[in-house]
Structure formats: structure tokens, C-alpha cells
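Architecture and fold: a report
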Amino acid sequence: QSVLTQPPSASGTLGQRVTISCSGRSSNIGSNTVNWYQQLPGTAPKLVIYSNNQRPSGVPDRFSGSKSGTSASLAISGLQSEDEADYYCAAWDDSLNGPVFGGGTKLTVL
Amino acid sequence: EVQLVQSGAEVKRPGESLKISCKASGYSFTNYWIGWVRQMPGEGLESMGIIYPADSDTKYSPSFQGQVTISADRSISTAYLQWSSLKASDTAMYYCARGPLTTIGTDEGFDYWGQGTLVTVSS
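Structural notes, computed from the coordinates. Note that this is a predicted model, so its numbers are computed, not measured. (Residues numbered from 1 in each chain as written. Chains lettered and ligands numbered in written order. Predicted model: local features only at pLDDT ≥ 70, side-chain atom pairs only at ≥ 80, totals over all residues. Heavy atoms only, no water.)

A few points about the sheet that holds strand 5 (residues 63-68) of chain A
Residue and element names in this part refer to chain A. Our working rule: Following DSSP output, two strands are said to pair if at least two bridges run between them. Think of it this way: any DSSP run of H or I at least four residues long counts as a helix, any run of E at least two long counts as a strand, and we number them from the N terminus. Throughout, an axis means a line fitted to C-alpha atoms (over the contacting stretch in the case of helices), and angles, computed between N-to-C directions, take values from 0 to 180 degrees.
One open sheet accounts for three strands, arranged 2-6-5; its pairing is antiparallel. In this open sheet, the two strands that pair with only one neighbour each are strand 2 (18-23) and strand 5. Averaged over all pairs of adjacent strands, the angle between their axes in this sheet comes to 20 degrees, without regard to strand direction. Pairing between strand 5 and strand 6 (residues 71-76): six bridges, direction antiparallel. Across the sheet, Phe-63 pairs through a bridge with Ile-76, a residue of strand 6.

Following this line, the structure appears as C-alpha cells:
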């Protein structure tokens, strides 16, 4: 049981916009920033959004993040086949004094 | 170029000890936290703990406290994850990653990752 809650799956067609949600509590998302990771099959995770809505260098602007209260969302616009991956949210948890992850969402591009 | 290079895959028996490594290069090793993340077969990511190499301040996730030891050797810019007695349930891919805390204590995520070390524990 992960500390942060994500839907297990999401899907969209080429060119479409999809969003992935992440729900937490006051000790994590409610009081700290949210990061998002993309994990392509058989590879290490990659940071795609940090500090709620910032993109690391090299990440396309099709990726965006937002946070409100104890929930956060990752949006991917102009969906491409290479976006098919597992996506994880993460945040610092003040009660656990460490980072926590969501269970991951498998994104399928139809 | 920032790189984290992990040691190779391991096959161990239950009860054996193990220490895997993560060698950092391309940045000042003592200025960034570094963490370990477990991914069991077909499962999600779990943070095990993080260490600040400058002073070895270590924060363990409750699920892993007492189960593993995280350490770092500043002289060779290398972080370690070790077990004293492996169990079959320790079979997983283990990643090291830089972060998530910055030097001023803000969380900016794990920005660089190692390639992973697959640990298989089987009798």
C-alpha cells in the first residue's frame, strides 16, 4: 500500500491530452512539493517534473504539473507513442521524514 | 556530466550478506543527498533511505530501518547499501539516485539515477 494514491492505469490516443492524478495527505503533498517520474520499460526512472510544475532541462513542454491542497496532477499533451511508460508521483513526508512514492500509473498510448 | 554507476547484478543465498555500490562522478559528491530506491519484480518504487555524504546524516524509511545500512565513502565518491542477512523477499532491482533534498533543504526530486543493481536471493 503506497503512501500516495495514483490510478493504476490511464490511456489516450496519439495527440490527445491525458492527466494522471496523485492523492496524498497534509503531511506530504499538503505541505511539500510534488515530483513526477517516468519509467520506460526496462530502464531507470527519469525525473520529468519537480517542485510541482518545473521541468528539468530536456523534458518537453508537453509535460506539465500542478498541485492543489493534498492532490497533484501530471498532464501530458500531444500524446506520443514514446510517452507510453509508468509514471510515479513523489513527495517528502514530514511524518515519515523521507520521500514517499505513489503506486505508479501505467500509461498506454492507443 | 553527472553519472551514477552501480555495481553489477548479484545472486545470493538467504542468510548471506551483501554490499552494493553507487559511484558518483561529474559533481561535488558531498554537496548532494543520495538515496536508494527499491523496485520489486513487477512493482512500484519504494524509497529506502537517503544519506548526506558530507556528514553521513542518514534518514531511513520506517519499512527499511534496521533491515539495511546506507553509508558513503567521501574519499571515493561512493554510496553503499548493505544487508547483513538477505531474505528471498529482498529480491529486487535497487537504484541509487541523487537527491531529493538540495543543500538548502528543498525537495527537487531525484534528478539523476544509476542504472540499477538486480539482487536475486534464492536457495
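Thoughts on the pairing of strand 5 (residues 45-52) of chain B
Residue and element names in this part refer to chain B. For clarity, the threshold we go by: Here's how the labels work: a residue is buried when its accessible area is under 20% of the maximum for its type, exposed when over 50%, partly exposed in between, all with a 1.4 Å probe on protein chains only.
Most of strand 5 sits out of view: seven of its eight residues are buried. As paired elements, strand 4 (residues 34-39) and strand 5 share six bridges and run antiparallel to each other. Bridged to Ile-34 within strand 5 is Ile-51. Examined bridge by bridge, strand 5 and strand 6 (residues 57-60) share four bridges and lie antiparallel to one another. By the bridge assignment for strand 6, Ile-51 is matched with Thr-58. Between strand 5 and the antiparallel strand that follows it, strand 6, lie four residues; Ser-56 among them carries a positive phi value of about 60 degrees.

Some remarks on the environment of Asp-73 of chain B
Residues and elements named next belong to chain B. What counts, and what does not: Residues are treated as being in contact if the distance between any of their heavy atoms lies within 4.5 Å. Polar contacts, as counted here, are pairs of nitrogen or oxygen atoms within 3.5 Å of one another; within protein the pair requires one atom able to donate a hydrogen and one able to accept it, and residues that are adjacent in sequence qualify only if both atoms are side-chain atoms.
As for its placement among the helices and strands, Asp-73 is situated in strand 7 (residues 69-73). Under the relative-accessibility criterion, Asp-73 is labelled partly exposed at 27%. C-alpha of Asp-73 to C-alpha of Ser-63: the two residues are ten residues apart in sequence and 24 Å apart in space. What Asp-73 contacts, discounting residues up to four positions off in sequence, is Phe-29, Thr-78 and Tyr-80. Polar contacts involving the side chain of Asp-73 include one to the side chain of Ser-75, which spans 2.5 Å.

Concerning the state of the cysteines
Residue and element names in this part refer to chain A. Where we set the bar: Our working definition of a disulfide is a cysteine sulfur pair at a distance within 2.5 Å.
Within the structure shown, the criterion is met by two disulfides over all chains. Each sulfur in the disulfide pair Cys-22 and Cys-89 lies 2.0 Å from the other. Across the S-S bond linking Cys-22 and Cys-89, the dihedral sits near 75 degrees, which makes this disulfide right-handed. With Cys-22 in strand 2 and Cys-89 in strand 7 (residues 85-93), this pair connects stretches of sequence that are 67 residues apart.

Some words on the nonpolar core
Quick note on the threshold: Here the nonpolar core consists of buried residues drawn from Ala, Val, Leu, Ile, Met, Phe, Trp, Tyr and Cys, with membership extended through side-chain atoms lying within 4.5 Å.
With 25 residues, the main nonpolar core has Ile-20, Ile-34, Trp-36, Leu-81, Trp-83 and Tyr-94 of chain B as its most contacted residues. Only strand 3 (18-25), strand 4, strand 5, strand 8 (78-83), strand 9 (92-98) and strand 11 (117-121) of chain B provide two or more residues apiece to this core. Per-element tally for this core: the top contributor is strand 3 of chain B, with four residues. Look past the residues within four positions of Ile-34 of chain B in its chain and what remains in contact with it is Leu-4, Cys-22, Tyr-27, Phe-29, Gly-49, Ile-50, Ile-51, Pro-53, Ala-79, Ala-97, Arg-98 and Gly-99 of chain B. Of all hydrophobic cores here, the second largest spans 23 residues; its members include Val-18, Ile-29, Phe-63 and Ala-85 of chain A.

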